[in-house]
Amino acid sequence: MTRATGHTLVLTSRPGAQELTGDHLARASSAWAGHGDCGARWLCAQEAWETTLPGATADEALQVANTVRATLDGAFIDVNVVPADPATRRKRLLVCDMDSTIIEQECIDEMADMAGIKPQIADITERAMRGELDFEAALRERLRLLAGLEEAALARVYAERIRLMAGAATLTATMRAHGAFTALVSGGFSYFTSRVAKAAGFEANHANTLEIDQGRLTGGVVGPILGRQAKLDTLERYRRELGLDIADTLAAGDGANDLAMIKAAGLGVAYRVKPLVAAEAQASIIHGDLTGLLYLQGYTRAEFAAAQGSG
């Protein structure tokens, strides 16, 4: 049995939808009967609510969460449990995936659309993100199909297609305002991460560098491919450099290549997830936006900071 440390149950819904009601709380209350409750509060009225399960082990807290999910089945509400320790709940390092996490799109699929081959490449992307294909091999295959694409198409993709995920800039601004370091790490391309990091307010970014010759993609990258292990290494590197415990870290992503860093982080969050990632992540946000990561850390809506990024 896991040592009893206490956990916090967090319910969140879609921002602005006012879908989390007293009725939901009443219907779910039986799930934690016997544990007691301490500090139950709204983080944002009708959007985010939490209660502490004093003394609950991780196994017991997970059972509570599963019961609540079953009770609220059909509601657009995310149900999660996180350790209640106030010393480490608010994380001091944030490492996020980019495609389909911090931005709504998959950049390589939008590049393929410019080349007129999006369906072919998007299928490979989806299978790789589900963990059905080796990430490095799948990326090389897609890049070979994009060989010859004009470099100018990248600028068009960013300007015309790429949009930040709702809550992205608020997430980074709030965590930075409370002393956290933020890094964007992607198995995609530095052309996009450098721009998205600036727009969303990340302090650092890491990705693959496209090989370009005479204004066209060659179908390769410069140096080794940044994939699953490199994402984990990035999390560990910043953790060591900042002198942090693993409990002080948060990692979020949506694909199989994010799973290693998600499982290694103090709080690993699967966002708008592929099934493989959802099954192994500590927490998941399906219905809410990226501000859900702030609620998991105990921030109230009143504590959210103004976005620091630039368009």
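Here is a short report on the structure shown in this document.

Attention now moves to the pattern of salt bridges. Taken as a whole and assessed by the stated rule, the structure comprises 20 salt bridges. Across the pair Arg237 and Glu241 runs a salt bridge, and its minimum N-O distance is 3.1 Å. Of this pair, Arg237 and Glu241 both sit in helix α9 (residues 228–242), 4 residues apart, which is roughly one turn of the helix. The partner of Glu280 in a salt bridge is Lys263, and the shortest N-O contact between them spans 2.7 Å. Of the two residues, Glu280 sits in helix α11 (residues 275–280) while Lys263 sits in helix α10 (residues 259–264), which places them 17 residues apart along the sequence. Residues joined in a network through salt bridges with shared partners are Glu110, Asp113, Lys118 and Arg161.

The next subject is helix α8 (residues 190–200). By the burial criterion, the buried members of α8 are Phe192, Thr193, Val196, Ala197, Ala199 and Ala200. Summarising the axial view, the buried residues of α8 lie within an arc of 165°, below the 170-degree limit, and thus occupy one face. Where α8 terminates, the next one or two residues include Gly201, which has phi positive at roughly 95°.

What follows deals with the packing of helix α6 (residues 152–160) against α8. Here α6 crosses α8 at 30°, and the two axes come no closer than 11 Å. Here α6 is positioned roughly parallel relative to α8, judged by the angle of their axes. Crossing angle aside, the handedness with which α6 passes α8 is right-handed. Residues Leu154, Ala155, Val157 and Tyr158 of α6 pack against Tyr191, Phe192, Arg195, Val196 and Ala199 of α8.

What follows concerns the packing of helix α3 (residues 107–115) against α6. At a closest axis distance of 10 Å, the pairing of α3 and α6 adopts a crossing angle of 120°. By the angle class used here, α3 and α6 are oblique. Of the two elements, α3 crosses α6, and the hand of that crossing is right-handed. Mapping the contact onto sequence places Cys107, Glu110, Met111 and Met114 in α3 and Ala153, Leu154, Arg156, Val157 and Glu160 in α6.

Criteria and cut-off values
Residues numbered from 1 in each chain as written. Predicted model: local features only at pLDDT ≥ 70, side-chain atom pairs only at ≥ 80, totals over all residues. Heavy atoms only, no water. Salt bridge = Lys/Arg side-chain N within 4 Å of Asp/Glu carboxyl O. Helix = DSSP H or I, 4+ residues; strand = E, 2+ residues; numbered from the N terminus. Buried < 20%, exposed > 50% of the residue type's maximum accessible area, 1.4 Å probe, protein only. Arc of directions from axis to C-beta. Axes fitted to C-alpha atoms, helices over the stretch in contact; angles between N-to-C directions. Parallel < 35°, antiparallel > 145°, perpendicular 65-115°, else oblique. Left-handed = near helix turned anticlockwise from the far one by under 90°. Contact = heavy atoms within 4.5 Å.

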